[in-house]
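Read off the chains here:
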Protein chains: 2
Amino acid sequence: MRENPVIAVDAMGGDFGPSVVVPGAINAARLHDLHVLLVGDTSKVETELNKLKLDNVRYDIVHAEEVVHMNEKPSDILRRKKNASIQVACRLVREGAADGVVSAGHSGATVACGMFIMGRLPGVERPALSAIMPTEKDPVVVLDAGANVDCRPYHLFQFGLMGDAFARDLLGYASPRMGLLSIGEEEGKGNSQVKEAYELLKMAHNLNFIGNAEGRDIFTGNVDVVICDGFVGNVTVKTSEGLAMSLVRMLKKVFTSGPLPALGALLAKGAFKRFVRTIDYAEYGGAPLLGLKGLAIVCHGRSNATAMTNAIKMGGTFVRKGTNGRLAETILANEELTRFSRSV
Amino acid sequence: MRENPVIAVDAMGGDFGPSVVVPGAINAARLHDLHVLLVGDTSKVETELNKLKLDNVRYDIVHAEEVVHMNEKPSDILRRKKNASIQVACRLVREGAADGVVSAGHSGATVACGMFIMGRLPGVERPALSAIMPTEKDPVVVLDAGANVDCRPYHLFQFGLMGDAFARDLLGYASPRMGLLSIGEEEGKGNSQVKEAYELLKMAHNLNFIGNAEGRDIFTGNVDVVICDGFVGNVTVKTSEGLAMSLVRMLKKVFTSGPLPALGALLAKGAFKRFVRTIDYAEYGGAPLLGLKGLAIVCHGRSNATAMTNAIKMGGTFVRKGTNGRLAETILANEELTRFSRSV
């Protein structure tokens, strides 16, 4: 827990770089009473700062020489680009100068640097990327959304523990309903990995495990946390995003298919905009990588300034609530179960 | 290839049973010049037949005593319910009295009876359920959609071969663009299963393999066949269906949120209905289980008569085109690659 969170922001990350990240960060610092460290090319960051009002905003620039390209391998970035903004930002957390990192850059690099530079909380086997998605009711958290592609049952189990802590603190759910993503509702449905994870989740301390969840349950809003391995989670999140975008495009086509629908669309324009905003993933800012000694939040490459502000705000809340403390506690409380599953 | 296909229809299957299946089947027989065998409780089937015009329709009733319940295990149904309509229907195919089976009943039972009663085509390791889904352009086939939850790389490889044959014959694609579902576009992205399958698909004869496809690519219409294991496929298909339904519900809410949007909705009603029909999975009828000595088509439990008609029509086309011949050929042409992968 820290009263005055310091968030290191990868100023060079994302499709639009400092021009979007810097105003988003400054806005977050002002609106949510945070201290932001803008990590990147000093002159480029200053160019953007010069366009903004900076009174009463707590910020510093931390210079970083190198830039990461999207086609580089995370392991190469980690080994060879010691002065890339994402590496410098993660080192700030390790050294205690910041509490967390937010980046819209190369997501694989953010995950790798978070894991290997910050390190894992005691007892955590694999940090998990947690995607927050809109539903018909309240948002749902899906984890792991892509940090771990080959998982064992006890990894899924720990994703459940971490997802629970996150949903309580960050989404304010008193007792998050947790579902294990599978291909049938009944116990015993699923692949071998899921069947074993089911047993563990059932035995966990203080989890509101409601059993298997199917793909069709994710968006009804009847489950708060959905557990899966990083391969399944990444496919699920990207499929959902892609489908939502395709449907919006198809809908726009339908509404321009003739004069009557076009007039209808005009009348419903405001409502339609609200609909698109509801399903816009950018509203949630980014996906936190849970289980680190610190915090890394992965944002969409195409994040706008509002998405950056929201992600940084989430980082601040995470620190103020002391979510890592809660997370470490629940991991510890279930340590024996994890160890038992590892040994079989 | 058979000029006059005979399709055995599970008259008792689905949420609505004979009241929907029988008219759907009779319609398919009339419209698509097929012979249908209505398998189920004779008196219940006759009750429905009495409501219909039957001149010039080729049909027969095949009596089946038992009914399958949705909570029964497929293996139990297979062992204990020898006179269930789905078992009787599959035996008709094995005995040569029918070419394929269509059922909206217990999908696990249909898959199990198809596999174990009809048996697999020579060389086929695992039959695969093939879901046909609408996209922004032409439909996409996703397989396996749930028949095999724990897969090896050569299973995925064969799913590709079978999906290719299906997409050529049934969807009319001259050279189906095939994508391997993964978590990044670049070669080398994915879990260990996918990475190995990638190598096999790259080396296959006569496949238009375009590399990895991400979840977000499924609905753009830029890939024709998507390959994945049955766990991932089932989650993907159900997530997509669920999200589409949720979005339609959210949209309806938005359009009734005030007088202007409501008026807009009224004007765009026809266009909106067309949109909903475009994304309605029932339009494609059902998901064929490919790789059998024969054919089984799995329909949604909530299928209406039109969906049943469409699924039975697909069965007829499958038989007339001799798709199983093409499928067996491509499996045979790639036999060495499969065997090599099995041995490592």
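Residues numbered from 1 in each chain as written. Chains lettered and ligands numbered in written order. Predicted model: local features only at pLDDT ≥ 70, side-chain atom pairs only at ≥ 80, totals over all residues. Heavy atoms only, no water.

Participant: Go over the interface of chain B and chain A with me, naming the residues and quoting the values.
Facilitator: Contact with chain B, which involves 52 residues of that partner, is made by 52 residues of chain A. For the pair chain B and chain A, the summed buried area comes to about 4,700 Å², and 73% of that belongs to carbon and sulfur atoms. The partner of Glu214(B) in a salt bridge is Lys238(A), and the shortest N-O contact between them spans 2.2 Å. Within the residue set of the side of chain B that touches chain A, elements represented by two or more residues are helix H7 (192-203), helix H8 (230-254), helix H9 (259-267) and helix H10 (269-278) of chain B. For the side of chain B that touches chain A, the element with the highest residue contribution is H8(B), accounting for 20 residues. Among the residues making up the side of chain B that touches chain A, the classes are represented as 25 nonpolar, 18 polar and nine charged. (Contact = heavy atoms within 4.5 Å. Buried area = accessible area lost by both parts, 1.4 Å probe. Salt bridge = Lys/Arg side-chain N within 4 Å of Asp/Glu carboxyl O. Helix = DSSP H or I, 4+ residues; strand = E, 2+ residues; numbered from the N terminus. Nonpolar A, V, L, I, M, F, W, Y, C, P; charged D, E, K, R; others polar.)

Participant: Break down the nonpolar core for me, with residues and values.
Facilitator: Most often, soluble globular proteins have nonpolar side chains that are buried together. In terms of nonpolar packing, the biggest core is built from 243 residues, with Leu180(A), Phe275(A), Ile312(A), Leu180(B), Phe275(B) and Ile312(B) touching the most fellow members. In this view, Ile312(A) contacts Ile7(A), Val9(A), Gly24(A), Ala25(A), Ala28(A), Leu34(A), Val36(A) and Val102(A); residues no more than four positions away in its chain are not counted. (Core = buried A, V, L, I, M, F, W, Y, C linked by side-chain atoms within 4.5 Å. Buried < 20%, exposed > 50% of the residue type's maximum accessible area, 1.4 Å probe, protein only.)

Participant: Kindly report on the relation of the copies chain B and chain A, identifying the contributing residues and their values.
Facilitator: The two copies are related by a screw operation: chain B maps onto chain A through 180° of rotation and 0.0 Å of translation along the axis, at an RMSD of 0.0 Å. Each copy turns onto its partner about a two-fold axis. Of every C-alpha in chain B, the one belonging to Gly264(B) sits nearest the axis of rotation, 1.7 Å from it. Both copies share a contact surface, since 100% of the interface residues of chain B are interface residues in chain A too. (Least-squares fit on C-alpha atoms with pLDDT ≥ 70 in both.)

Participant: Could you give an account of the packing of helix H1 (residues 18-31) of chain B against helix H2 (residues 42-49) of chain B, naming the residues involved and the relevant values?
Facilitator: Residue and element names in this part refer to chain B. One can describe the packing of H1 onto H2 by two numbers: an axis separation of 9 Å at closest approach and a directional angle of 60°. With respect to H2, the element H1 is oriented oblique. Considering how the two elements wind past one another, H1 and H2 form a crossing that is right-handed. Where H1 approaches H2, its residues Pro18, Ser19, Val22 and Ile26 are matched on the opposing element by Lys44, Val45, Glu48 and Leu49. Of the residues contributing to the contact of H1 with H2, the split by class is five nonpolar, one polar and two charged. (Axes fitted to C-alpha atoms, helices over the stretch in contact; angles between N-to-C directions. Parallel < 35°, antiparallel > 145°, perpendicular 65-115°, else oblique. Left-handed = near helix turned anticlockwise from the far one by under 90°.)

Participant: Give me the lowdown on the sheet that holds strand S4 (residues 100-103) of chain B, citing residues and values where you can.
Facilitator: All names here are of chain B. Strand order in this open sheet of 11 strands is S3-S2-S1-S4-S11-S10-S5-S6-S9-S7-S8, and the pairing throughout is mixed. Strand pairing shows two members of the sheet lacking a second neighbour, strand S3 (58-63) and strand S8 (208-213), which therefore form its edges. Pairwise comparison of adjacent strand axes, ignoring direction, gives a mean angle of 25° for this sheet. Sheet topology note: the strand S2 (residues 35-40)/S3 ladder contains six bridges and is parallel. By the bridge assignment, valine 39 is partnered in S3 with valine 62. Running at roughly 175° to strand S11 (residues 296-299), helix H5 (residues 107-118) makes contact with S4, strand S5 (128-133), strand S10 (286-290) and S11 of the sheet. (Pairing = 2+ DSSP bridges.)

Participant: So, the side chain of Lys81(A): which residues are in play, and what are the values?
Facilitator: All names here are of chain A. In this fold, lysine 81 is placed in the loop between helix H3 (74-80) and helix H4 (85-94). Here lysine 81 falls in the buried class, since its relative accessible area comes to 14%. Among residues more than four places away in sequence, those in contact with lysine 81 are Glu66, Val67, Val68, His69, Glu72, Asp76 and Gln87.

Participant: Explain the pattern of salt bridges to me, and be specific about the residues and the numbers.
Facilitator: All names here are of chain B. Under the definition given, this model contains 36 salt bridges over all chains. With a closest N to O distance of 2.9 Å, arginine 177 and aspartate 224 form a salt bridge. Of this pair, arginine 177 sits in strand S7 (residues 177-181) while aspartate 224 sits in the loop between S8 and strand S9 (225-227); the two residues are 47 residues apart in sequence, bridging distant segments of the chain. Taking the relative accessible area as the measure of exposure, arginine 177 reaches 30% and is therefore partly exposed. Look at aspartate 224 and you get buried, because its relative accessible area is 7%. The partner of lysine 202 in a salt bridge is glutamate 199, with the nearest N and O atoms 3.7 Å apart. With a gap of three residues between them, lysine 202 and glutamate 199 both fall in helix H7, about one helical turn apart.

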